Amino acid sequence: MQKDELKIKLSELLPSAAFEEGAEWPTILIDPRVWTDLARHIRSGIGLDFDYLFCLTAVDWKTHFTVVYHLTSTVHRHTLVVKIRLDRERPEVPTVSDIWRTAEFHEREAYDLMGIVFTEHPDLRRLFMTDEWIGWPLRKDYEDPVNMIKL
Amino acid sequence: MDVSQPFPGEVHPTAGGGILVTKLDEVINWARSNSLWPLVFGTSCCAIEMMSTAAAKYDWSRFGFEVARATPRQADVIIIAGTIVNKMAPVLRRLYDQMADPKYVIAMGACATSGGPFFYNTYSVVKGADHVIPVDVYVAGCPPRPEALLHALITLQEKIRNNHAER
C-alpha cells in the first residue's frame, strides 16, 4: 500500500491521529489511551496486516518521553511508525506484547533503561541491569556518582 | 646410601656457580615464549582484529600463537579484546583465576586499557581491565591494527625471555 493510501485508511480509523511530515515512513502521533485498540486493528482485520514489530524504542526529550514503534507488514511490504507522547512524571503506556510477541522483551528493555511502565505486561522486570539496580540509566537526568565520571 | 639427604650422591659445585641453571632458565623461557596459547576471549570489535591477526593474512602462528584454546585451563595468555563492563568483570576474573601459571595478559585497545571511548558519562564500563586482573602488555588503538597486536605479542615474548623463569 502506498503512503497516501495508508494515511487515508488510518485517518478513517482514527480521526484524532496527527501525521508527522518529512519522514521516510508514514508517522502518526497518538494518545496512549487509543493505542491498544489501534494496535489490534492494524495488526489484523482491516487489511493493513502489520504483522511485524521490528523496533520498539523510547526517547527522552527532557520535558516528556516518546515511545516509538516501527511496524511493517510482511504481506503488503508497507511500514508505519507510531509515536506516543508520555508524561514525564507518569510514563505509562499499555503493553502490546499480547499483539506482537516480540514486544515482550523490547518493552522490558525500555522499562529497564528508560523507566517506561508498560501496563499489563506479563513480566516487567529488569533485563540488562541487575535486579537490585536503582534508577533508569538512559534518562537524560540520570546521575551515578559511583560508576560515572562526568565530563 | 644416606636416604635422609634429598639428593643422593655428591654435589660438585660448578666453577663460577650456577651456569647450568641459568642456561636452563633460558631454555624454559625460550620454549614458553614460542608456544603461548591464547584463550578464545573477545568482548567487542577488537576481537574482529584479533581474528584477523589469527587468520591467513597476518597469521600469528608464525610466532607460536596458533593454538587458541576454548578453555582457560589450557591457555597461557588472555588477550582482552574489547570493552569490559561491570557485569563481565567477575567473569573475566574467574577466567584469569582458572588459567594455570605462568599466565600472561594483554590489554588490547582503548577499552581494555582505560575504558577508552567509554571513560566519561558511562554507568556500565570498567575503566581499564587492570582494575580486575594484572596486565602485562597494553596495546593502543581503537581497534589496534593486526600489526599492533602482533607487536604486542612479540613484546610479551621478549618480556618472558628477559625474566627469570617461574618454576
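Refer to the structure above for everything that follows.
How each quantity is defined
Residues numbered from 1 in each chain as written. Chains lettered and ligands numbered in written order. Predicted model: local features only at pLDDT ≥ 70, side-chain atom pairs only at ≥ 80, totals over all residues. Heavy atoms only, no water. Helix = DSSP H or I, 4+ residues; strand = E, 2+ residues; numbered from the N terminus. Buried < 20%, exposed > 50% of the residue type's maximum accessible area, 1.4 Å probe, protein only. Contact = heavy atoms within 4.5 Å. Areas by Shrake-Rupley, 256 points an atom, 1.4 Å probe, with all protein chains shown as cover. Expected span 1.5 Å × (residues − 1). Arc of directions from axis to C-beta. Buried area = accessible area lost by both parts, 1.4 Å probe. Polar contact = N/O pair within 3.5 Å; in protein donor to acceptor, adjacent residues only side chain to side chain. Nonpolar A, V, L, I, M, F, W, Y, C, P; charged D, E, K, R; others polar. Phe/Tyr/Trp six-rings, centres within 6.5 Å; stacked < 30°, edge-to-face > 60°. Lys NZ or Arg CZ within 6 Å of the ring centre and 35° of its normal. Pairing = 2+ DSSP bridges. Axes fitted to C-alpha atoms, helices over the stretch in contact; angles between N-to-C directions. Core = buried A, V, L, I, M, F, W, Y, C linked by side-chain atoms within 4.5 Å.

> So what exactly am I meant to see when it comes to the overall build of chain B here?
Helices and strands together make up the secondary structure of chain B, namely 5 helices and 4 strands. Helices and strands in chain B line up, N terminus first, as α-β-α-β-α-β-α-β-α. When each of the 167 residues of chain B is scored for burial, the buried share is 38%. A sequence separation of at least 24 residues applies to 79% of the contacts in chain B between residues at least 6 apart. Approximately 9500 Å² of chain B is accessible, and the part contributed by carbon and sulfur atoms is 60%.

> Any chance you could explain helix α5 (residues 146-162) of chain B here in plain terms?
Residue and element names in this part refer to chain B. The end-to-end C-alpha distance of α5 is 24 Å, a good match for the 24 Å that 17 residues give at a rise of 1.5 Å each. Within the span of α5, buried status applies to Pro-146, Leu-149, Leu-150, Ala-152, Leu-153, Leu-156, Gln-157 and Ile-160. For α5, the angular spread of buried residues about the axis comes to 160°, placing them on one side. Across from the buried face of α5, at angles greater than 90 degrees, the exposed residues are His-151 and Asn-162.

> Hey, could you run me through unusual backbone geometry in this one?
Note: most residues except glycine have negative phi, and most peptide bonds are trans. With an omega dihedral of -5°, the bond running from Asp-101 of chain B to Pro-102 of chain B counts as a cis peptide bond. Position of Pro-102 of chain B among the secondary structure elements: in the loop between α3 (89-98) and β3 (104-108). The amide bond that connects Cys-142 of chain B to the next residue, Pro-143 of chain B, takes the cis arrangement and shows omega of -10°. Of note, Pro-143 of chain B is situated in the loop between β4 (137-139) and α5. Of note in this structure, Arg-77 of chain A is not a glycine but carries a positive phi near 60°. Considering the arrangement of structural elements, one finds Arg-77 of chain A in the loop between β4 (64-72) and β5 (79-87). Residue classification places Arg-77 of chain A among the exposed residues on the basis of a relative accessible area of 68%. Backbone geometry places Asn-121 of chain B, a non-glycine residue, at a positive phi of 55°. You can see Asn-121 of chain B is positioned in the loop between α4 (109-114) and β4. Asn-121 of chain B gets classed as partly exposed once you look at its relative accessible area, which sits at 40%.

> Looking at this structure, how should I read the interface of chain A and chain B?
Reports of interface size often rely on the accessible area that becomes lost once the parts have come together. Contacts between the two partners involve 14 residues from chain A and, on the opposite side, 8 residues from chain B. Together chain A and chain B conceal approximately 920 Å² of surface at their shared face, both sides included; 61% is due to carbon and sulfur atoms. Three residues stand out in chain A for area buried against chain B, namely Asn-147, Ile-149 and Leu-151 of chain A, and they jointly supply 52% of the buried area on that side. Inspection of the region where chain A meets chain B yields 4 residue pairs in polar contact (both at pLDDT 80 or more). Residues belonging to the side of chain A that touches chain B are distributed by class as follows: 11 nonpolar, 1 polar and 2 charged.

> Explanation requested: the packing of aromatic side chains in the structure shown.
Pairs of aromatic rings are described using the distance from one ring centre to the other and the angle between the two planes. Under the definition given, this model contains 9 aromatic pairs over all chains. A ring pair is formed by Trp-35 of chain A and Trp-100 of chain A, whose centres lie 6.2 Å apart and whose planes are at 25°; its orientation type is stacked. Of this pair, Trp-35 of chain A sits in helix α2 (residues 35-43) while Trp-100 of chain A sits in the loop between β6 (92-94) and α3 (103-114), and the two are 65 residues apart along the sequence. The exposure classification of Trp-35 of chain A matches that of Trp-100 of chain A, with both residues buried. In this structure an aromatic cluster arises from ring pairing among Trp-25, Tyr-52 and Phe-54 of chain A. The ring centre of Phe-105 of chain A lies 5.2 Å from the NZ or CZ of Arg-108 of chain A, which sits over that ring. Between Lys-103 of chain B and the ring centre of Tyr-96 of chain B, over which it is positioned, the NZ or CZ distance is 4.4 Å.

> So what exactly am I meant to see when it comes to the sheet that holds strand β2 (residues 77-81) of chain B here?
Sheet strands line up and pair through hydrogen bonds in the backbone, either parallel or antiparallel. All names here are of chain B. Sheet architecture is open: 4 strands sit in the order β1-β2-β3-β4, paired in parallel fashion. Sheet topology places β1 (38-39) and β4 at the edges, where each strand pairs with a single neighbour. In this sheet, β3 lies alongside β2 in parallel orientation, the contact comprising 5 bridges. Counterpart to Ala-81 in the pairing with β3 is Met-108. Relative to the sheet, α5 contacts β2, β3 and β4, its axis offset from that of β3 by approximately 155°.

> Can you walk me through the nonpolar core in this structure?
In summary, soluble globular proteins display a tendency toward joint burial of nonpolar side chains. Counting residues in hydrophobic clusters, the biggest one holds 32 residues, and the most contacted among them are Ile-30, Trp-35, Ile-42, Tyr-69, Val-82, Trp-100 and Ile-116 of chain A. The set of elements that each furnish at least two residues to this core consists of α1 (3-13), β2 (27-30), α2, β3 (52-60), β4, β5 and α3 of chain A. Other than its neighbours up to four places away in sequence, Ile-42 of chain A contacts Leu-10, Leu-13, Leu-48, Asp-49, Phe-50, Leu-71, Leu-80 and Trp-100 of chain A. Residues Ala-47, Val-77, Val-139 and Ile-160 of chain B belong to the second largest nonpolar core, which totals 21 residues.

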